[in-house]
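Secondary and tertiary structure notes
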Amino acid sequence: MSDTGNGTEKGAGAPGSLTGVRLEKMKELEDRGLSPYGGRFSVTASAEGIIENFAALEGQRVALAGRVTAKRSHGKAGFADVLDQSGRIQVYARRDTGGEDLYWLFDHLDIGDIVGVAGTVFRTRKGEITVAAEKLEMLTKSLRPLPEKWHGLTDVELRYRHRHLDLIGNPQVRRTFKLRSELIRFLRNFLDERGFLEVETPMMHPIPGGAAARPFVTHHNALDMDLFLRIAPELYLKRLLVGGVDRVYEINRNFRNEGISTRHNPEFTMLELYQAYADYHDMMDLVEELIPAAARHLLGRVQAGPEGGELDLSPPWPRLTMVEAVKEATGVDFGLFSGDAAAREAASRLVTVETEDTWGRLLNRVFEEKVEETLISPTFIMDYPLDISPLAKKIKEQPHLTYRFELFIGGREIANAFSELTDPLDQRSRFQRQAARHAGGDDEAHRMDEEFLTALEYGMPPAGGMGIGIDRLVMVLTGAASIRDVILFPLLRHREDAPAE
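Below is a summary of the structure that appears in this document. Predicted model, so just to flag it, every value in this text is computed and none were measured. All residue numbers refer to position in the chain's written sequence, counted from 1. Restriction of local features to residues with pLDDT of at least 70 applies here, the model being predicted, together with a cutoff of 80 or more for giving and counting side-chain atom pairs; totals for whole chains, interfaces and linings are based on all residues. Only hydrogens and water are set aside; all other atoms, that is, all heavy atoms of the structure, feed into the side-chain values.

1. Quick look at the nonpolar core
Where a protein is soluble and globular, its nonpolar side chains tend to be buried together. In terms of nonpolar packing, the biggest core is built from 49 residues, with Leu271, Leu273, Ile291, Leu313, Phe405, Leu407 and Met466 touching the most fellow members. With near-sequence residues (within four places) excluded, leucine 271 lies in contact with Leu187, Leu191, Tyr249, Glu250, Ile251, Asn252, Met466, Gly467, Ile468 and Ile470. Take the buried residues of types Ala, Val, Leu, Ile, Met, Phe, Trp, Tyr and Cys, join any two whose side-chain atoms come within 4.5 Å, and each joined set is a nonpolar core. Exposure is judged per residue with a 1.4 Å probe applied to protein chains only, and the accessible area is read against the type maximum: over 50% gives exposed, under 20% gives buried, and values in between give partly exposed. The next biggest cluster of nonpolar side chains, apart from the first, holds 33 residues, and it includes Ile50, Val82, Leu83 and Val115. Whether two residues are in contact is decided by their heavy atoms: any pair within 4.5 Å suffices.

2. A word on the side chain of arginine 159
Put simply, DSSP H or I for four residues or longer makes a helix, DSSP E for two residues or longer makes a strand, and each gets a number counted from the N terminus. Mapped onto the elements of the fold, arginine 159 is located in helix H6 (residues 156–161). Distance and chemistry together define a polar contact, namely a pair of N or O atoms within 3.5 Å, with one atom able to donate a hydrogen and the other to accept it when in protein, and with adjacent residues in sequence counting only for side-chain atoms on both sides. Only 3.0 Å separates the side chain of arginine 159 from the side chain of aspartate 166, close enough to count as a polar contact.

3. Brief notes about the packing of aromatic side chains
Pairing of aromatic rings covers Phe, Tyr and Trp, the last counted by its six-membered ring, and requires centre-to-centre distances within 6.5 Å; plane angles under 30 degrees mean stacked, over 60 mean edge-to-face, and any other angle means tilted. Here the structure, examined in full by the defined rule, presents 12 aromatic pairs. For the ring pair phenylalanine 334 and tryptophan 359, a centre distance of 6.4 Å and an interplane angle of 70 degrees mean the geometry is edge-to-face. Highlighted residues: phenylalanine 334 in the loop between helix H11 (322–330) and helix H12 (340–347) and tryptophan 359 in helix H13 (residues 359–370), separated in sequence by 25 residues. Taking 5.4 Å as the distance between ring centres and 65 degrees as the angle between the ring planes, the aromatic pair formed by phenylalanine 367 and phenylalanine 408 counts as edge-to-face. Here phenylalanine 367, found in helix H13, pairs with phenylalanine 408, found in strand S18 (residues 404–409); they are 41 residues apart in sequence, far enough to count as distant. Exposure remark for phenylalanine 367: the relative accessible area of 1% places this residue in the buried category. A network of ring pairs unites the aromatic residues Tyr280, Trp317, Phe380, Tyr403 and Phe405 as a single cluster. Note that arginine 194 overlies the ring of phenylalanine 190, its terminal NZ or CZ placed 3.5 Å from the centroid. Ring-over charges, as used throughout, are those where CZ of Arg or NZ of Lys falls within 6 Å of the ring centre and within 35 degrees of the ring normal.

4. A closer look at H11
Three or more residues of H11 are buried, namely Met322, Val323, Ala325 and Val326. Projected onto a plane normal to the axis of H11, the buried residues spread over an arc of 165 degrees and lie on a single side. Positive phi shows up at glycine 331, right after H11, with a value of about 85 degrees. An arc is given here, and it is the one of the directions from the helix axis to the C-beta atoms.

5. Notes on the pairing of strand S11 (residues 267–276)
Of all 10 residues that make up S11, 9 are buried, and the element is covered over most of its length. Any two strands are treated as partners once DSSP identifies two or more bridges connecting them. As paired elements, S11 and strand S20 (residues 463–469) share 7 bridges and run antiparallel to each other. Each residue of the ladder has a partner; that of glutamine 275, found in S20, is glycine 464.

6. Observations concerning the pairing of S20
On a regular strand, one side chain projects to one face of the sheet and the next to the other, so that they alternate. Judged by how many residues are buried, S20 sits mostly within the fold: 7 of 7 residues are covered. Along S20, one buried face is formed by Ala463, Gly465, Gly467 and Gly469 and the opposite face, lined by Gly464, Met466 and Ile468, is buried too.

7. A look at the sheet that holds strand S6 (residues 197–198)
Strand order across the open sheet formed by 8 strands is S6-S10-S11-S20-S19-S18-S15-S14, with mixed pairing between neighbours. The open sheet is flanked by S6 and strand S14 (319–321), the only strands paired with a single partner. Pairing geometry for strand S19 (residues 412–419) and S20, over 5 bridges, is antiparallel. Opposite alanine 417, over in S20, you have methionine 466 as the bridge partner. The axes used here are C-alpha line fits, helices contributing only the stretch in contact, and every angle between their N-to-C directions lies in the interval 0 to 180 degrees. Seen against the sheet, helix H8 (residues 171–192) touches S6, strand S10 (247–255) and S11 and runs at an angle of roughly 155 degrees to S10. Along the sheet, helix H9 (residues 234–242) makes contact with S10, S11, S19 and S20, crossing S11 at roughly 20 degrees.

Read these as layout, nothing more, since geometry by itself doesn't imply function.
Right, here's the structure in full:
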């Protein structure tokens, strides 16, 4: 019987419908005393390792395991492509050398089956590095054919919803997630070498804090209390500064109950770090060193590959105040306005204005709508309005502004940093204003956090703090157009669909 795995076997795997060709093949395996679901197989080599070390391995016996992704039979001989975690390699089977049982099993393989192969490494007349099978084991029988034209799988919905198929079909996807893992390892090493301590802080908070965001709510039954999934670890990490941990970081999962877009997923990964006796200029210097170093380590160059061409990450990067950036892009100088009314009048020509909008909120809105997407090359935007920065230190000479910056690359915010506010009285006043906004219906406003204020009253050293979006940084380094391309299992709308064919 033949089954090339071309998607014609509808409904395989669904209850009551497993009566196709692959089930018949599974029964044939069992009739010959072969298990369709094997066990341990001793792997001694990978596809990539064999190809890269061919000179040393030619004529040597190796053992590898992986998924059959293509098969070509030629009478008494045949070739199959086997895919493991490292990549693809060709396997050769021949009836007169491998034996009747081996070739029977080879002939009954389907696309998608997982096999173990042991044999000798050689190069074919066409120059392809190959393993001549001397031993072949069925490790897992695949009851579903891979999707039609699975190689180069391009259906976006299918890719995100069935990431397992995406990983089988798209080598670039595997490379992206390998790079992501290597990036996190690099970040840890980079910070560890500079004396930072990695910690873990709670993911369930009694009060959501550390960012302006709407939280997810859960309930703890034993304590009969509502809790909030973490929107940021900031307030816990700052308590560690109070406790004398002068350099601290966390690679953390955050949850924000917000919209989904090419830049936003409700759960995402951040690197958040704090350094005592530093300020936001030190944070600029740190990230300006970190990102180019990461690119050089991971890509071999200080350029990334976003859509539209290579992006040079070489420092130094421009440093503009938000007022300067808005003036440069729109011609409107918010630095000239002394009151909210004047700002509303000027901003009304550029964005939608509401009567309660303040100078600072309008400046930020104009920046977000008219400037942010134009910042393709790495650019620091500094000195954010106090109105939208409840945890950052005021600029003494301009108390309506704060020592805060955001880093933009490829039109996206990549990092957010402050000279941290250490004055507990000022912090209480800001929390009170934020709490009033929350009571007025602003679900993203900060709540009053008495435990954090109590910690501040013991004294927190001057510090610089920074958060870096891991997902967005991977987007920059890989040139991904959507955040869903760099998160293995992004959140998708629930759909009562049949599994992919």
